[in-house]
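So you can see what is in the structure, the chains are spelled out below.
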Amino acid sequence: CREKKYDYYSLPKTSVVIAFYNEAWSTLLRTVHSVLETSPDILLEEIILVDDYSDKEHLKETLENYVAGLRKVRLIRANKREGLVRARLLGASVAKGDILTFLDCHCECHEGWLEPLLARIAEEETAVVCPVIDVIDWNTFEYLGNAGEPQIGGFDWRLVFTWHSTPEREQKRRKSKTDVIRSPTMAGGLFSVSKKYFDYLGSYDTGMEVWGGENLEFSFRIWQCGGSLEIHPCSHVGHVFPKQAPYSRAKALANSVRAAEVWMDEYKQLYYHRNPHARLVNVTERRLLREKLKCKDFKWFLENVYPELHV
């Protein structure tokens, strides 16, 4: 990865969107400063901080004054709690860069994290590319990194995201260690996507509340509607995995139902079998999107993208 060379003048510029809710001062600013310090100036259009209606005192005037002194950083605020999905869309709607890069608010970027993501999208506009997510210890903040081959994302029939080692068929497809690794799903917090392509795909499902399930829904949609979801082994971003989520997961079930109803065809029965409490929701609008984009069915996804999953 160190030997890879990039033509900085031909790469697209990115807007980095960071949504937060009641985040600690230190972790939020560690994220912002690490983006500013490790992103080549020519490639970074801006950092957009989206405050999802935080009520902590340090995130009010103190943060505004601090951000006012930083280049390329702007702060926008939601007028009510929107949840991760709609907060990110708020940021995306005002972004000026050709590429949208979404990060969580407790990350640490490294030299060379951005170039591979942008170069890959410059080469293939329909690629949605994730960095390798390195672990930062929740208690000590020690950077633990990520030993060995990067892992890819999967899911189980309860629609819970899972990590897996790269299957042999994918190892064979790749010509070199620096080639992207195709992944059936993404963890959801960290990825880059062409703004034009993101809009074309129907951005996020705004019917999804708070947090949870949106990563799988978006993953299915990318693959079934002609794109590809990839992990770039040359891009590393550290991430603190909090011991408990800063917001309730109560809505994750309803979000997963939306994903199942729109994208999974008859396989949604396997999901309902595992989640008997799940209730039907109205997803007419998203089904129309699927028709409009002429997306493939879920059987195709299982056979071609995730044959390792036992049906």
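Residues numbered from 1 in each chain as written. Predicted model: local features only at pLDDT ≥ 70, side-chain atom pairs only at ≥ 80, totals over all residues. Heavy atoms only, no water.

As annotated in an unreviewed UniProt entry, the protein chain carries the name GLT12 acetylgalactosaminyltransferase and is attributed to Promerops cafer. Per UniProt, the protein chain carries the Subcellular location (unreviewed entry) text "Golgi apparatus membrane". (UniProt positions renumbered as here; feature names shortened; annotations may be inferred.)

Enquirer: Lay out the state of the cysteines with the relevant residues and their values.
Expert: The final tally for this structure, using the stated rule, is two disulfides. Between Cys-1 and Cys-234 runs a disulfide, and the two sulfur atoms are separated by 2.1 Å. Looking along the S-S bond of the Cys-1-Cys-234 disulfide, the torsion reads about -75°, which is the left-handed sense. With Cys-1 in the segment before β1 (14–20) and Cys-234 in strand β12 (residues 228–240), this pair connects stretches of sequence that are 233 residues apart. The disulfide that involves Cys-225 links it to Cys-295, with 2.0 Å between the sulfurs. Taking the torsion about the sulfur-sulfur bond, which here is approximately 105°, the covalent link between Cys-225 and Cys-295 counts as right-handed. Of the two residues, Cys-225 is situated in the loop between α7 (214–224) and β12 and Cys-295 in the loop between α10 (284–292) and α11 (298–304); the sequence distance between them amounts to 70 residues. Note on Cys-225: relative accessible area 8%, which makes it buried. The exposure class of Cys-295 is buried, given its relative accessible area of 14%. Counting only the cysteines that form disulfides, in the order they appear in the protein chain, gives the pairing 1-3, 2-4. With no disulfide of its own, Cys-105 lies closest to Cys-107 among cysteine sulfurs, the gap being 7.8 Å. (Disulfide = S-S within 2.5 Å. Helix = DSSP H or I, 4+ residues; strand = E, 2+ residues; numbered from the N terminus. Buried < 20%, exposed > 50% of the residue type's maximum accessible area, 1.4 Å probe, protein only.)

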